[in-house]
Structures are given as structure tokens and as C-alpha cells.
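Chain by chain, the residues:
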Amino acid sequence: QVQLIESGGGLVKVGDSLRLSCLASGGSLSGYSMGWFRQAPGKEREFVAAIKPNGGSTYYRDSVKGRFTISRDNAKNMVYLQMNGLESDDAAVYYCAGGRPITSSIRSQSQYYYWGQGTQVTVSS
């Protein structure tokens, strides 16, 4: 059973950067697409970014394109989300997730079956 543990969240100011990390234990991530999702207070959890198993393809929600970068290191069983130019709307709990979604459904959280507990990102103005 794969377990995912996120880290790297914190309190930052608008325009700052953060790098979130997701460590997998209990199994290898290499066969899974990995995604980052987020949930702000009073809102539904939403897709942020995803990366295919070999790292060759990445996907982003429109509002983070050009600011966020998802990457992975299968040898270390790690997935990362580099967040630059943080905005107040980026404040949320960020979740790492793993699954085997088909490409057309890679943004759908229902396609992921391994989830971390989340890490809080707070952005102050």
C-alpha cells in the first residue's frame, strides 16, 4: 500500500515561492501518474497539476500555468510542485495523489486512489 506524505507548505507573501514535496513509502511511484490538487476553505478540491509516470508529459490548470512546475524523481520516490509568483488565490491545502488515469481524465480526482494528508499553503498580501 503506497502512502504519500506531503511537505513544504507554509506562510508566504504574495509573489514568493514555495516548493512542495511528496514522498511515497510502501511502494514505487514509477508506475503511477502523480497529481497535485488543492482545496481552499469553503471550496471544492481542484486539480492543480499532474505528471505522467516517466515525467514526459505534464498538465496544469490554467491559473497556474507559467508559475507552477510539477516534477518527479522516480529513483527517490518523490514528486515536487515548484510554485513561483504565489497569489492570494493559491492559498489552500495541497494534496499529492497517485493513480493510473487515462490522459483525458488526468485532471479528475476520481482517477487517483492514493492520497496524502495535505500540506497548508497560506499566502498573505
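Residues numbered from 1 in each chain as written. Predicted model: local features only at pLDDT ≥ 70, side-chain atom pairs only at ≥ 80, totals over all residues. Heavy atoms only, no water.

The next thing to look at is the layout of surface pockets. Regions of empty space are outlined by a rolling probe, equal in size to a water molecule, passed over the atoms. In this structure, the largest pocket spans a volume of roughly 150 Å³. Taken together, R38, Q39, A40, K43, E44, E46, R61, S63, S88, D89, A91 and A92 form the lining of the largest pocket. Partitioned by chemical class, the residues of the lining of the largest pocket number three nonpolar, three polar and six charged. (1 Å grid on protein atoms, 1.4 Å probe; cavity = no way out; pocket = protein on both sides within 12 Å on 5 of 7 lines; lining within 4 Å. Points joined across faces, edges and corners; volume = space filled by probe spheres on them. Nonpolar A, V, L, I, M, F, W, Y, C, P; charged D, E, K, R; others polar.)

A few words on the state of the cysteines. According to the stated counting rule, one finds one disulfide in the structure shown. The disulfide that involves C22 links it to C96, with 2.1 Å between the sulfurs. For the disulfide bridge between C22 and C96, the dihedral angle about the S-S bond is near -80°, and by the sign convention the bridge is left-handed. Of the two residues, C22 is situated in strand 3 (residues 18-25) and C96 in strand 9 (residues 92-99); the sequence distance between them amounts to 74 residues. (Disulfide = S-S within 2.5 Å. Helix = DSSP H or I, 4+ residues; strand = E, 2+ residues; numbered from the N terminus.)

Ranked by size, the top nonpolar core spans 29 residues in total, and within it L4, W36, L81, M83 and Y94 carry the most contacts. The set of elements that each furnish at least two residues to this core consists of strand 3, strand 4 (33-39), strand 5 (46-51), strand 7 (68-73), strand 8 (78-83), strand 9 and strand 11 (119-124). Tallying contributions element by element places strand 3 first for this core, with four residues. Every residue in contact with L81, bar those within four places of it in the chain, is listed here: L18, R19, L20, W36, V48, A49, F68, T69, I70 and Y94. F37, F47, A50 and Y59 belong to the second largest nonpolar core, which has seven residues in total. (Core = buried A, V, L, I, M, F, W, Y, C linked by side-chain atoms within 4.5 Å. Buried < 20%, exposed > 50% of the residue type's maximum accessible area, 1.4 Å probe, protein only. Contact = heavy atoms within 4.5 Å.)

Here we take up the environment of R67. Here R67 is to be found in the loop between strand 6 (58-60) and strand 7. Considered as a pair, R67 and S21 are 46 residues apart in the sequence and their alpha carbons are 16 Å apart. Non-local contacts of R67, meaning those with residues more than four positions away in its chain, are made with Q82, M83, N84, G85, L86, E87 and D90. A polar atom in the side chain of R67 sits 2.9 Å from the backbone oxygen of G85. (Polar contact = N/O pair within 3.5 Å; in protein donor to acceptor, adjacent residues only side chain to side chain.)

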